[in-house]
Amino acid sequence: MSVPGALPGVTSATWPASKYVREPVCPAWMAVEDFELSKNDPERLLEVCQQKIQVSQRTLDTTRKLTESLHNDPQYQYAHAVQAFEELRKEHLQLNDSYNDLETINETVQEVVEVLRTDKHQLLAELNALKREISIQSIENTKIALKEKESVAFQEGLDKKLSSQESQLKQLDDELHDYTSSQIQINNEIGALESASRNLSLQAASLSELRNHLDGTRIQQESAIRAIEGEIEQKLKEVEQHDDNLWDFKRDMSARILALQRKVQSSNDELARLHRLSEHEMNTLSQQNRALNDELKGKADQLFATRKEMTDFGTSATRELNIKKEEIHQCKSIVDLVERQNTGLEASIARMLEQNREGENQIADKDNINNKNLIEQANFIAMVHMELQTVREDLYMIKSRLCHHCRDHLLATEALEDEQESLLNRGPEYVQPVNTINSSPKQTIPPTIQSQQPIMSTEEHIENERVKNELEKAHEALEALNRQLLEEREERARERREEEDVRLQEEEDRLTRAQDEEAKRRREIEDDKRKQAGDELKTFTIRFMNGTKKKVDAFMTDTVQDLINRCCSKIGVRPSEMFYIAHSVNENSVLGMVDRFLDKSKTLYEEGINTKCSLVFKFKHYKRHVRWSDVNTQDRFFQQVHRNVVSEYYPVPEKLAVTLAGYELQTVFGDATGKKRHAYFDKVGLDAYLPVSVTPLGYDYWQERLYRNHKRRKGLTQSESRDLYVDTLRQTGSHWGMTYFDIRDKENRPFVAGIAEDGLHILSADKRVFIQSLRFMSGPNQLAGWEKSSTGIFVKKKDSKLMTLYASSKLQSEEMFNLLNEYYLMLPRDVQQKLAIPIQDREQIAPTLPPPEAFYAPYDHRSIPVEFESTAEHLKTVYLDQIFSPDDIENKPKPLPKFINQLDEALDSNEVLHDLDLSDCGLTDSQWSMICELIVRSLEYNPAGEPSVSPVDRLQNWQDNVILTKLSIANNALTEASIPPTRDVLNRCTGLTEVDVSDLPLEHREVAIVEPLLKLNLQTLMMNGCRIGDKGVRAILELFNNRTLQTLLLNRNHITASAVGDLSACLDLPYCSLTKLGLGTNKIQLRGLETLIKIMERVRRPNSLDFSDNPLEARGGQRFNKLIQQQCGLTELDISNTTGMMNITGDVGLYITGQLLNNPELTSLNMSDNPLGQNLNQLTDPSGQVTRDLPLEFFTFLEREAICNLKILKLNRCQLNHDHGAALTSALVDNYKLKVLEVDGNRMALSDGGLPQGWVDLLEASTSLEELNISRNGLQSRGVAVLFTALAKNRSLRKVTMDGNRFGDEGTNAALDEVVYMFSTNTFLHEIYMAEMGFGDEVLERIADGLAGNRILKKLIAPRNNISTRGILDCTKHLALNTTLEELELACARVQQNESEYLRAYKLIIDNTNLETIVL
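Not measured: the values here are computed from a predicted model.

Peer 1: I tried to follow the overall build of the protein on my own but got confused; where do I start?
Peer 2: Across its full length, the protein carries 37 helices and 31 strands. Of all 1416 residues assigned to the protein, the portion counted as buried reaches 40%. By sequence separation, contacts in the protein at least 24 residues apart represent 73% of the contacts at least 6 residues apart. For the protein, the exposed area adds up to about 77400 Å²; of that, 52% sits on carbon and sulfur atoms.

Peer 1: Would you explain the environment of F637 in this entry?
Peer 2: With respect to the helices and strands, the residue F637 is situated in helix α11 (residues 631-646). The exposure class of F637 is buried, given its relative accessible area of 2%. Measuring from C-alpha to C-alpha, the distance between F637 and M545 comes to 8.8 Å, with 92 residues separating the pair along the chain.

Peer 1: How should I be thinking about unusual backbone geometry in this particular structure?
Peer 2: Most of the time, phi is negative for any residue but glycine, and the peptide bond is trans. Note the cis peptide between R1101 and P1102, where omega equals 5 degrees. For P1102, the position within the fold is in the loop between α26 (1086-1099) and β19 (1104-1106). For D1109, which is not glycine, the phi dihedral falls at a positive 55 degrees. Within the secondary structure, D1109 is located in the loop between β19 and α27 (1119-1125).

Peer 1: Would you mind showing me how to read helix α31 (residues 1253-1261) here?
Peer 2: Residue pairs three or four apart in sequence face the same way in an α-helix, which turns once every 3.6 residues. All buried positions along α31 are accounted for by W1255, V1256, L1258 and L1259. Each buried residue of α31 lies within a common arc of 165 degrees when the element is viewed along its axis, so the set occupies one face.

Peer 1: Could you clarify how one ought to interpret the side chain of T1020 in this entry?
Peer 2: The topology assignment puts T1020 in strand β16 (residues 1020-1022). Judged by relative accessible area, which is 13%, T1020 ranks as buried. If we skip the residues at most four places from it in the chain, T1020 touches T993, E994, V995, L1045 and T1047.

Peer 1: Help me understand the packing of helix α12 (residues 654-669) against helix α14 (residues 698-711), please; the structure alone is not making it clear to me.
Peer 2: If you want to describe how two helices pack, look at the angle between their axes and the distance between the axes. Running from N to C, α12 and α14 cross one another at 70 degrees; their axes reach a closest spacing of 8 Å. By the angle class used here, α12 and α14 are roughly perpendicular. Only W702, R705, L706, N709 and H710 of α14 make contact with α12, whose side of the interface consists of E654, V658, T659, A661, G662, L665, Q666 and F669. Its residues assigned to classes, the contact of α12 with α14 shows 6 nonpolar, 5 polar and 2 charged.

Peer 1: Is there a simple way to think about the packing of helix α30 (residues 1218-1228) against α31 in this case?
Peer 2: Relative orientation of the contacting elements α30 and α31 amounts to 25 degrees, with a least axis distance of 8 Å. By the angle between their axes, α30 is roughly parallel relative to α31. The way α30 lies across α31 gives a crossing that is left-handed. Touching G1221, L1224, T1225 and L1228 of α30 are G1254, W1255 and L1258, all from α31. Residues that form the contact of α30 with α31 fall into these classes: 4 nonpolar, 3 polar and no charged.

Peer 1: Explanation requested: the pattern of salt bridges in the structure shown.
Peer 2: A side chain of one charge can pair with a side chain of the opposite charge when the charged atoms of the two come close. A full pass over the atoms with the stated rule returns 49 salt bridges. One salt bridge in this structure joins D635 and R722, with 3.0 Å as the shortest N-O distance. Residue D635 is found in helix α11, and its partner R722 is found in helix α15 (residues 718-732); the two are separated by 87 residues along the sequence. There is no split in this pair, since D635 and R722 are both buried. The salt bridge involving R1100 is made with E1161; its shortest N-O contact spans 2.9 Å. With R1100 in the loop between α26 and β19 and E1161 in the loop between α28 (1146-1156) and β21 (1164-1166), this residue pair connects regions lying 61 residues apart in the sequence. The exposure class of R1100 is partly exposed, given its relative accessible area of 41%.

Rules of the game
Residues numbered from 1 in each chain as written. Predicted model: local features only at pLDDT ≥ 70, side-chain atom pairs only at ≥ 80, totals over all residues. Heavy atoms only, no water. Helix = DSSP H or I, 4+ residues; strand = E, 2+ residues; numbered from the N terminus. Buried < 20%, exposed > 50% of the residue type's maximum accessible area, 1.4 Å probe, protein only. Contact = heavy atoms within 4.5 Å. Areas by Shrake-Rupley, 256 points an atom, 1.4 Å probe, with all protein chains shown as cover. Arc of directions from axis to C-beta. Axes fitted to C-alpha atoms, helices over the stretch in contact; angles between N-to-C directions. Parallel < 35°, antiparallel > 145°, perpendicular 65-115°, else oblique. Nonpolar A, V, L, I, M, F, W, Y, C, P; charged D, E, K, R; others polar. Left-handed = near helix turned anticlockwise from the far one by under 90°. Salt bridge = Lys/Arg side-chain N within 4 Å of Asp/Glu carboxyl O.

Next comes the structure, spelled out in structure tokens:
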């Protein structure tokens, strides 16, 4: 148990003894004697300890008092302060050393960073160069591989040809022997023929030996072998030709063998002549070499003599030099006098130019007067036409007052005269006596139809239509004449202006060149003097802003202006006060290199410049010039601005970068063509036109987008394109004209100061965010003054007494101060007077700057950079971010080019995206879900809600350019998974008026789509192939309550007559506005059709009906007769029969077309795929006399006298033959209403494949037909030739399709001239389709020959023919002369089977033609 108060080492007496108890030890503060006395007495020990504690306490108190008194002693305090100071000083020195070490490390790190940055840029440049070199090398390797393959193929072909020729010669020998043995007994002539055959065999054997000899000596005489082999090949071909002729023309055998012998003899003579010629050339070369050696020896002797003479001349020249110096001084004075005289002459020339300009103005006034006279004449002609029309109307009024008998007699007489005149126009062989001409064109019309036609109203209607057409043509001709006169006047004025500008520019350039030559000559003289005086010429490396470097010689005593002049002379530009030389200094800053602009008045030595300095020749000030004095100077300024854009010195959004790239391409290439389109990236990469941060979508994407923007700049000159490039960047670019400097705030945070023509702008370190803008002229933070210091620049705002310091290095502070002064002094003078900012050394700075009048005033408003400027830009950005996001890259859908192109079109054209068409583009569920999600997100995006470090009005330039009114996702392989995202888009896009969700499976889920559609003002709904059935139709009928639905297409939906009844009830609603209804390819039977016809008779709607491919009973098609007869407002009718369920035959069709005679409403009719040719033939009596011409009756509705106004007629695959075609063309000859005619898949050709004469007459006489499809009608080469002949004379067709007609059979050669003639003379045809016609290379070459002179055709589509690569190569030389053809398709198996030949042909067409789209 412990003893309370016991000290260590002291134990209680009652404790038991233990060997582990330590023996007590005497403390150091107690005497041993006292310890021995008290170690066993605890009370004594406690007393001793207490006494010791008291003594220690007193000692401690005394020590504390002494310490306090010591602290109060001044000497102690001083000593303590000195000691503390020494310690602090040592610590300060240590910290200073550490700081210096860190500063050294920092500088080293900055240098390393700068080196790494430089290396990075160099590596990027090298990488781009390497990529270009790799692409170029790959192209070259491809070319080499192709050439190697071509050479191997050529060698193999040559060997095969030689072997085949040898076998042919042997065969010829055998045939000749057989022939002579069989004919030996006839007469002596046969014997002569036999001897001639033996001679021919001997000649063939000699040719074979000659070929073997040439093969043996091919290595030694390679060049001679090529020529000789060509000759042998030609001669052997001639032998082959003679061999073929032996089989075809045996009676001429002797004459052909003799001719062959003569040609072989001539070939031998030619070979001998070639040998003699080669020997003669070798002798001539040896003689020339000997003559040259002799001449060289003579020249060497002359050179030694000349050297001696030059030594003597140098001695004499030294003596004469002093004399010449005095003469030079005299010449200088004379030159000064001549320059003054030249000044006077220039003034005289200017006066003469002014007089000339006044004379030209007078001429222009006279031209204006002449143009006015022409316009007055045109107006007079128009007045005459109006008077003629008035007289014609009076004549008609007089006719109307006649009695019935007189009027009938007069009309009959006019009809006879018109008929006789038309026959005379067709030719004298058609003229018949008047009494034999059928004066009634309606004899072929059934009596029931004739009784329904009011004769007078029909004739009046026809005459009115004719008069109306004549008036329209007259007005169009007059308007065309007026437009032509105005265009010619403008063209002449423009040409005169251009000629005057060119003349003035040439005169100015001539004077400038003379001045430059004189300045150069003086500079050379001055340089020679300075060299002789001992001044050393240094070579400086100057970097220019277009990326080039040049060596420029200058003296250290030259001024900076002298160096600028030398640089201008080096690059061939006129010296300008806008040019500066800058010394690039590395300050290890955020921006890297800093340009120190040299003082033009100082020498290079005074500026501290040596040959190792990095010098840059550039513009210092970025301002829009009113007029450029030199085109080269403008080009240099443009190159500098362009380089700032593509290097991202000026950050620009992608939309602006693409716009600027369009102007750049117009500057480099001129107007866009297909050939130039493929040359964008021949020698440069994408970074030559766009910044490196644009969307990574590949060269093909950018080539197409840049080409579209290039085409928008058509007509701009090079100078105009440069100006618009600068103006666009100046108006919309937020960083236009800025020169950047590194600055820091009071917290040492890095920023960038951008100084431009409008003031000072503070930006973030990455230049993406504007912190503050301090402008000269206006704004909330207007500049009121600035001062420089060694640590930065002080800036003062208007209405503020404080100045803000922007810290920077001494160099950058000096440059910022100078640049602000210079930009201020280049402001308009009235602005300077208004601002009245004091400028230090104003009198010294102002004379060195261009006058303010040389520039446009700065813009009051500068665009502020924002992340997105429009909804379309936001949508495209987030879409591409999703596509190219590295997260889950394997499951990401591929980019959809059609969607991206529509967004690009909206961005590049500054238009609103109304129509989103994603039909037939391979759209998948994942792609459509992503697009829907992003559309909703972009439409809900609020730019004002984005965080910003500065108060920025993000809505200032914001554009809501995605306002969808049309949406189409038709013809894609979408599933039910696409229904929810489609519903979300429909709910969000409340402005939709047209929706096409065809082929989206909506079976039993149509309500999910109909519900959001009910909220729209929908006008068009297309749900073809959605499998909705009758139930889905009833759900859709609710849309009629919106009262806006005009078009409803429900084809291919398994709809029955029951749903048609419900639909008809909605059509009967008073507020129904449906005009177009599609019910094709459903299960609607006759009952449903009758229900629909009844409601259409009553409500006269819809106006367009598609009832194709529905299962009608036998002769159910006759019900359409009633629909047309009632004239219920129907304008478009489709009753085609692709599935064979309607089965409208000729007799049924005759009822339908019979009602068209009196129907003026229908304008479009499609009866394709119905067997109309059945039961539609001529009816005859037993004697063979035609009693009724049913084909002619069928097409009576197309005659001129009919009231029918049909403009589109489709009769494809209707089993029509040439008799039906004759009736059709006979009715159409005088028709002036029909625009489109399709008769594809019939048999309208004659039995021999010819084209009936009626088609020729129709095409030559037609003035209204614009589109014709006569494909697959059995035409052969003869018929196609006649078709081309007729097309050459046609003046109305714009599109012709003749696919599937044969043009490769025998007789094609006779048609080639017609092909060339049609393509070279037709000036109206825009598109022609010639697929699957079987023509080969010869026809293609003749087509191209005709296209060489064609200036109207835009599209030639001719795939799947018998064309080879050789044919394409041969036609390229002709297509190179065509400038209007845009699309060419020649794809066929022969071209595609050899990849190397395919690529060769494709590249040749690209390099030599202006085609935009090429398909091989």
